[in-house]
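Remarks on the overall topology
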Amino acid sequence: MSENSRGDPEEDAVRKLLGDAGPRPALPEKDLRAIRDTARAEWSRRYVLAPEHRSPLRSWLPLAAALLAGAVGLAWWMRSRPVGAAPTVASVERVTGSAPWKVGSPVVAGSELDTGAATTGRLTLRMRGGASVRLDAATHIRLASATMVEVERGAVYVDTGAAQGRANDVAVRAASVLFRPAGTQFQVRVGGRDVKLQVREGRVAVDHGTRSIVAAAGEEVVVSSDGRVVRGPGTVSGADWAWVGESAPVFAIEGVRLREFLGWIGRETGLRIELADREAAAVADSCVLHGSIEQLSLADAPGVVLSSCGLDHRVSNGTLVVFRARKEP
């Protein structure tokens, strides 16, 4: 037998394994759509939203191979996994108001979550990749995967974290609109006949039909059910974002320096942090915090924490200014 006609043992083993597995069951349409959306979001992350210029042709073969391998792996996973089982894609990190969940509970792919009609019922999830996903009151979603949230009604906020790794980006689908983020903080609200996107940080690609636009930090995009797309300036703090701060995971201040706390406050409120002078900056770097802010609201926490370090603050035009507290006469 010639060298070319001799079978490859590894290839034969794989062929036999697939043959023994037999035909796999058809995937539900929702899962197929989630797979397509995830692949599309990954393509956008690499070649559309990435700040540096990259050539799609140079990386097409590795990406195609990865997608094919993923498809084969998914087929085997669907075949071998027990019926009804689903992977855990998130865990409950915080529950506020009347939302009926327990902190630490796992959430599997395909779960439908509803915070109910109460105005105080909110839910905060920590996704498997590390992103924070928060549900406002009166919100209903389907968690399609660790990187895809489908919103039926209400509002969803996504924060991928300050790191620019991009591996934990979570896309959002609302009605016929797909929002594909790149290192962002953003929220999507479904109300009436409109879907509204507001971007606090980073960029979000908006796909609607054959049209695609990219919204940057400080912009908002409203997509109407009649197909109209309106893009304009938006907000990054204030009333529209209040619910996001109210559902933020509690920051553990014990043993951390004040500057780290201020960074968290800025991220959760959308406010710019400004240290008034060198003295305030020095205190921010040296003051070590103790205790807990678990019982404080996001609005009250800065005043209490700053006063413990001999500082005060004011909020003006989207900026939180930190300065040395005045001494009482």
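This text goes with the structure placed above it.
In short, a report on the structure.

The next point concerns the nonpolar core. Generally speaking, soluble globular proteins have nonpolar side chains that are buried together. Residues Leu 125, Val 133, Leu 143, Val 149, Phe 179 and Leu 197 are the most contacted members of the largest nonpolar core, which totals 36 residues. Apart from residues no more than four positions distant in its own chain, Leu 143 is found in contact with Val 89, Ala 90, Val 107, Val 108, Ala 109, Gly 110, Ser 111, Leu 125, Met 127, Met 148 and Val 149. By size, the runner-up hydrophobic cluster in this structure holds 22 residues, among which are Phe 261, Val 283, Leu 289 and Ala 301.

Glancing now at the environment of Ala 281. For Ala 281, the position within the fold is in helix H6 (residues 278-286). Distance from Ala 281 to Leu 258, taken between C-alpha atoms, is 9.7 Å for residues 23 residues apart in sequence. Beyond its immediate chain neighbours, meaning those up to four positions away, Ala 281 contacts Arg 259 and Leu 275.

Quick look at the packing of helix H5 (residues 258-269) against helix H7 (residues 301-308) now. Between H5 and H7, the shortest axis-to-axis distance is 11 Å and the interhelical angle comes to 170 degrees. In terms of orientation, H5 lies roughly antiparallel with respect to H7. Here H5 contributes Leu 258, Phe 261, Leu 262 and Ile 265 to the contact with H7, which in turn contributes Ala 301, Pro 302, Val 305 and Leu 306. Its residues assigned to classes, the contact of H5 with H7 shows eight nonpolar, no polar and no charged.

Conventions used here
- Residues numbered from 1 in each chain as written.
- Predicted model: local features only at pLDDT ≥ 70, side-chain atom pairs only at ≥ 80, totals over all residues.
- Heavy atoms only, no water.
- Core = buried A, V, L, I, M, F, W, Y, C linked by side-chain atoms within 4.5 Å.
- Buried < 20%, exposed > 50% of the residue type's maximum accessible area, 1.4 Å probe, protein only.
- Contact = heavy atoms within 4.5 Å.
- Helix = DSSP H or I, 4+ residues; strand = E, 2+ residues; numbered from the N terminus.
- Axes fitted to C-alpha atoms, helices over the stretch in contact; angles between N-to-C directions.
- Parallel < 35°, antiparallel > 145°, perpendicular 65-115°, else oblique.
- Nonpolar A, V, L, I, M, F, W, Y, C, P; charged D, E, K, R; others polar.

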